[in-house]
Amino acid sequence: MKPTIYTCTISLGMLLLVAACGSTKTNRSVGEPIALNYDTSTTQVDFSAHWIRADLILLANKKSHPALVFSKNGSIDDKKKADRLFNLVAVETPQWVSQSYPHLSHFYAYKVDIPRSELKSLLKQQAAVVEVNHHTKKPNLADIESLSYLQNAKLLDALYTSKQDDADEIDNFGAQLLGSSTRFTIWAPTALNVKVRLFDEHKNPLESGILELTEDPQTGAWSGITNHAPQGTFYRYQVQVYHPESKQIEVLQVTDPYSLSLSTNSVYSQVVDLSSPQTQPENWQQQNIPVVDSPESLILYETSIKDFSASDQNLSNPNLAGKYAAFSQSNSDSINHLKALRKAGLNTIHLLPTYDLSTIDEIPNNVISMHDSLEKVCVLASELEICHTDYNPELSLQSLLLSYTPSSSEAQKVIELIRSKDDYNWGYDPYHYTVPEGSYALNPEGIPRLIEFRKMIMDIHQLGFRVIMDVVYNHTFAAGLAEKSVLDKIVPNYYHRLDPISGAIEQSTCCENSATENAMMAKLMTDSLVTWAKHYKIDGFRFDLMGHQPKSAMLQAREAVRAVDPDTYFYGEGWNFGEVANNSQFIQASQIEMAGTEIGTFTDRLRDAVRGGSSFLSGQDIRKGQGLGNGLLVFPNELQSQIDTQSLQHEYQLSMDQARIGLAANLADFPLESAQGEHVYGRDIDYGGAPTGYALDPADTINYVSKHDNQTLWDNNQYRTAHQATSGQRVRMHIMSLAYPLMAQGIPFLHMGSELLRSKSFLRDSYDYSDWFNKVDFGKKSNNYNVGLPPAEKDRSNWEVITQTIAQNQGRDIVSNQEIQFASQVFRDFLKIRTSTPLFNLQTAEEIIQQVKFLNTGTTQKTGLIVMSINAANTENIDSNFKQVIVIFNHNTHSVKFDMPQAQQFSLHPAQQTGSDPLVKTATTDEYGFNLPELTVAVFVR
């Protein structure tokens with residue numbers, strides 16, 4: 001999604017913090033306005049004052065005569081007046097500041113003395129720290145040289161969440177039904193007044209439809225009870241609050257951040273009781289939920305609700321395409337494919353975001369779909385060139401796109417113009433965290449969407465799968481006074497992470513970064529997760545950009561969810577970047593920090609070794625960066641010759657060792673003989689200056705080679721594979737790459753459709769680029785390759801290399817439906833192998849270190865071979881069908897003999913003996929070793 005940019009928004013919290021900072025008595029009477037003589041064109045204005053405790057303010061720059069001023073009506077800015085003034089006194093920065101807030105450790109500390117009786121009321125006002133002319137002996141407000149607005153989130157936490165029975169102990173935020181009455185509760189400690197406005201099913205205001213809420217000064221929560229809001233009533237909060245964006249007291253109507261149900265397009269919140277049968281499908285409470293023995297037994301299949309059925313040609317009703325209800329089908333292509341995967345051993349469906357999204361209109365007539373007529377398309381997107389020609393109004397959008405030459409940029413031009421008006425988005429644009437998305441529902445209006453979502457969960461469970469939900473608590477789609485801002489209208493500048501100097505909301509994640517280091521944002525996340533687990537029977541959660549959240553918040557959230565679902569599993573993106581990188585603001589939930597917690601992190605080590613290069617490369621640099629899965633060293637493309645032999649050999653050897661550590665659950669302590677003949681551990685093998693091995697438990701590691709981000713595995717390989725590779729070789733390379741996460745210790749993660757050679761026509765980031773580029777054909781007739789150049793916004797710099805690559809491949813990158821079928825069947829063979837023995841999902845680091853060994857290592861290793869042995873002999877409590885398993889990856893384009901005495905004791909795995917790959921059936925053993933055919937993953941057992 002495109003980020004909404006807000007520049008230098010003045011935070012209510014910041015201003016309020018400043019006001020409360022100065023408590024030295026002045027000669028002015030209370031309420032007498034103080035004239036401020038300053039010119040903002042010459043006065044330095046920033047947001048670098050941080051009020052972190054009732055008596056302590058931190059300033060970025062040392063000030064000689066700082067004072068705090070605040071205004072009840074925002075007059076500091078427009079009238080250059082304030083109602084109160086307090087002096088600040090410089091003190092030594094307490095040692096705990098650098099421990100609790102390392103990013104503020106270099107700030108200067110100032111003491112402030114404000115009567116406790118006034119403190120919380122001052123936080124409801126505009127405020128600033130000012131610097132008086134240094135020639136003035138006594139502080140006054142003439143000739144101000146600087147003005148710094150305040151950031152006050154830490155003070156709000158200190159005042160409202162640091163004791164027992166505070167705001168973070170409240171368990172009933174939102175609308176709570178209590179028999180015939182309803183209680184509304186919202187946390188808004190900086191608000192001047194809060195009301196609830198009630199509406200009927202037609203959104204008409206109810207008689208007696210305004211409920212005045214009362215603030216609890218201990219918690220900052222406002223609440224009230226009414227008998228006029230039964231289940232189904234729609235409502236909005238009306239909040240009177242100083243808002244820094246407008247620098248005024250605003251009266252804002254806003255939905256409930258704790259909403260449990262919403263009207264169409266999320267304009268109104270709705271009162272519901274999720275325990276009520278009226279909100280549940282039939283037999284909801286009686287459903288059977290599949291279980292697994294341990295997190296390491298999970299096999300994750302990343303699924304987009306939209307992609308799953310949008311292109312399915314065998315739905316009983318075409319209106320079900322892209323909807324929750326498509327999972328209720330009994331004989332569609334998509335459901336039949338899931339059934340086949342489940343039979344082979346797949347056990348967990350990971351759903352891309354399905355909470356309430358911001359960017360898809362939930363009214364079908366307002367959005368464009370692939371099957372819409374050009375007549376409708378041109379009404380909604382009249383800027384399209386076709387709309388200004390003598391076009392056929394009955395022609396579908398899909399037919400128009402099919403008419404374009406695949407090598408042209410015409411299709412992407414159309415998609416680019418309509419994408420803000422179509423019905424597609426991955427959903428990393430949160431609006432309300434705890435309500436199912438309405439665009440996937442046949443009826444998005446209130447309770448019906450809850451029932452449809454729950455029915456989908458029940459259907460997936462009945463198919464035999466556990467359900468993981470993708471969640472995005474690291475950012476919101478909007479902030480400030482924007483239309484779809486929620487949190488920032490209620491407690492401005494609390495729920496988002498602000499730049500410590502400018503006060504602008506950080507946007508390193510793409511959008512408005514949330515601040516889960518603040519207690520009430522962490523609580524909102526935790527309460528939301530508990531609701532999904534308890535009331536929607538979600539079996540686990542995948543966290544977007546989890547490294548932007550504190551480790552402590554993740555651990556506390558998991559404990560809360562475990563209280564209602566003991567076998568939940570958490571995992572996420574532990575990337576280390578942005579304003580929080582390297583624990584600069586708190587201990588992050590990043591890869592290395594999460595080691596040993598059994599909260600999984602995606603490992604880019606194995607991914608990059610197999611895929612090659614980096615996900616940030618473009619142009620010819622993509623093609624130059626081959627990986628093990630697409631021919632590095634053993635089947636080089638034309639650009640590899642430009643790399644000197646020594647560098648190429650080093651890259652190959654490092655990638656092989658990274659892959660071996662990846663197969664061993666990415667363990668930091670896993671021993672290995674390196675390509676240089678040294679005895680090292682996973683942590684010693686380099687990964688761009690970081691350790692390759694960082695995990696301390698197999699449940700710490702999520703192994704993958706493809707997911708929704710970046711190019712699909714198929715497209716990535718076509719970028720890098722040698723032009724002369726045949727289609728058959730390309731298919732074998734692809735399924736070999738998919739074998740890595742399935743044969744690895746740790747938890748495998750699989751991208752829906754990757755087993756079908758899924759392509760997005762080279763598109764790097766398809767988050768908002770329609771069914772045209774995101775199509776998955778479960779009928780296995782097409783893999784959606786080369787349907788047009790990818791959108792210019794994302795891939796214009798890659799068009800030349802894409803065009804050249806396709807031309808020089810001369811059709812060898814085009815696959816038949818038989819090859820798609822073949823890849824799908826071999827993938828299922830791999831699933832059968834993984835689930836045939838617990839040796840592929842050992843549950844402790846100690847077991848892996850003892851039982852997993854790599855042969856063909858060191859200085860004399862044969863090129864192109866990874867040989868992994870897993871031995872059950874000394875493993876306790878392992879009920880295995882086999883005493884030992886040998887997995888051999890032969891990346892060579894020719895057959896290879898690997899020497900190993902007594903290899904005749906082994907035989908090819910039964911799943912491959914009776915499987916779909918005729919070539920792997922030619923793999924044999926004799927008394928001297930293993931005989932491996934080209935481009936094959938062969939698994940031998942004894």
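None of the values given here were measured: they were computed from a predicted structure.

J.: Would you take a moment to explain the state of the cysteines for this structure?
T.: Where two cysteines share a covalent bond between their sulfur atoms, that bond is called a disulfide. Going through the model one piece at a time under the given rule, you end up with 2 disulfides. The disulfide partner of Cys-510 is Cys-511, and the gap between their sulfur atoms is 2.4 Å. Across the S-S bond linking Cys-510 and Cys-511, the dihedral sits near -90 degrees, which makes this disulfide left-handed. Looking at the chain, its bonded cysteines, counted consecutively from the start of the sequence, adopt the pairing 1-2, 3-4.

J.: So what exactly am I meant to see when it comes to the pairing of strand β6 (residues 84–87) here?
T.: Here is the key point about a regular strand: its side chains alternate between the two faces of the sheet. Burial of the side chains of β6 extends over both faces: Arg-84 and Phe-86 are buried on one face and Leu-85 and Asn-87 on the other. Pairing geometry for strand β4 (residues 66–71) and β6, over 4 bridges, is antiparallel. Opposite Ala-67, over in β6, you have Asn-87 as the bridge partner.

J.: Could you clarify how one ought to interpret the nonpolar core in this entry?
T.: One recurring pattern in soluble globular proteins: nonpolar side chains tend to sit buried together. Residues Phe-184, Trp-187, Phe-541 and Met-743 are the most contacted members of the largest nonpolar core, which totals 219 residues. Top element by residues in this core is helix α13 (residues 519–536). It accounts for 10 residues. Counting 16 residues, the second largest nonpolar core, distinct from the first, contains Phe-906, Leu-908, Ala-923 and Phe-940.

J.: Can you walk me through the side chain of Asp-372 in this structure?
T.: Mapped onto the elements of the fold, Asp-372 is located in the loop between β22 (355–357) and α8 (374–380). Within the structure, Asp-372 has its side chain in polar contact with the backbone nitrogen of Ser-369 (distance 2.8 Å). If sequence neighbours within four positions are ignored, Asp-372 has contacts with Val-367, Val-377, Leu-395, Ser-396 and Leu-397.

J.: Can you help me understand the sheet that holds strand β20 (residues 300–303) in this one?
T.: The strand order around the closed barrel built from 8 strands is β20-β21-β24-β27-β28-β29-β34-β35, with neighbouring strands paired in parallel fashion. For this sheet, the mean angle separating the axes of adjacent strands, direction not counted, is 30 degrees.

J.: Can you help me understand the packing of aromatic side chains in this one?
T.: Two aromatic rings, taken as a pair, are described by how far apart their centres are and by the angle between their planes. As enumerated under the stated definition, the model contains 37 aromatic pairs in all. Taken together, a centroid distance of 6.4 Å and an interplanar angle of 90 degrees make the contact between Trp-714 and Tyr-785 edge-to-face. Here Trp-714, found in helix α18 (residues 713–720), pairs with Tyr-785, found in the loop between α20 (770–774) and α21 (792–795); they are 71 residues apart in sequence, far enough to count as distant. In textbook terms, an aromatic cluster arises when at least three aromatic residues are bridged by ring pairs, as seen for Tyr-355, Tyr-433, Tyr-473, Phe-541, Phe-543 and Phe-570. Above the face of the Phe-234 ring, Lys-203 is positioned so that its terminal group lies 4.4 Å from the ring centre. Just above the ring of Tyr-681 sits the side chain of Arg-683; from NZ or CZ to the centre is 4.7 Å.

J.: Would you mind showing me how to read the packing of helix α19 (residues 727–743) against helix α23 (residues 817–834) here?
T.: Geometry of a packed helix pair, given as the angle between the helix axes and the separation of the axes. Axis separation between α19 and α23 bottoms out at 10 Å; the angle between their running directions is 25 degrees. On the basis of the axis angle, α19 is roughly parallel to α23. Crossing angle aside, the handedness with which α19 passes α23 is right-handed. When α19 is examined against α23, the residues Ser-727, Gly-728, Val-731, Arg-732, Ile-735, Leu-738, Ala-739, Pro-741, Leu-742 and Met-743 are found in contact with a partner set consisting of Glu-819, Phe-822, Ala-823, Val-826, Phe-827, Phe-830, Leu-831, Ile-833 and Arg-834. Looking at the contact of α19 with α23 residue by residue, the class counts come to 14 nonpolar, 2 polar and 3 charged.

J.: Whenever I open this one, the pairing of strand β16 (residues 221–226) confuses me. Can you help?
T.: As judged from the 6 bridges shared by strand β12 (residues 181–187) and β16, these two strands associate in the antiparallel manner. In the strand pairing of β16, Arg-183 is matched with Ile-225. The sheet contact formed by strand β15 (residues 214–216) and β16 spans 3 bridges and is antiparallel. Across the sheet, residue Asp-216 finds its bridge partner in β16, namely Ala-221.

J.: When you look at the sheet that holds strand β9 (residues 126–131) in this model, what are you seeing that I'm missing?
T.: Whether parallel or antiparallel, the strands of a sheet pair through hydrogen bonds between backbone atoms. Read across the open sheet, the 8 strands follow the order β6-β4-β9-β10-β2-β3-β8-β7; overall the sheet is mixed. With one partner strand each, in any of the chains shown, β6 and β7 (89–91) form the two edges of the open sheet. Averaged over all pairs of adjacent strands, the angle between strand axes in this sheet comes to 35 degrees, irrespective of strand direction. Here strand β3 (residues 56–59) runs beside strand β8 (residues 108–111); their pairing, made up of 4 bridges, is antiparallel.

About the criteria used
Residues numbered from 1 in each chain as written. Predicted model: local features only at pLDDT ≥ 70, side-chain atom pairs only at ≥ 80, totals over all residues. Heavy atoms only, no water. Disulfide = S-S within 2.5 Å. Buried < 20%, exposed > 50% of the residue type's maximum accessible area, 1.4 Å probe, protein only. Helix = DSSP H or I, 4+ residues; strand = E, 2+ residues; numbered from the N terminus. Pairing = 2+ DSSP bridges. Core = buried A, V, L, I, M, F, W, Y, C linked by side-chain atoms within 4.5 Å. Polar contact = N/O pair within 3.5 Å; in protein donor to acceptor, adjacent residues only side chain to side chain. Contact = heavy atoms within 4.5 Å. Axes fitted to C-alpha atoms, helices over the stretch in contact; angles between N-to-C directions. Phe/Tyr/Trp six-rings, centres within 6.5 Å; stacked < 30°, edge-to-face > 60°. Lys NZ or Arg CZ within 6 Å of the ring centre and 35° of its normal. Parallel < 35°, antiparallel > 145°, perpendicular 65-115°, else oblique. Left-handed = near helix turned anticlockwise from the far one by under 90°. Nonpolar A, V, L, I, M, F, W, Y, C, P; charged D, E, K, R; others polar.

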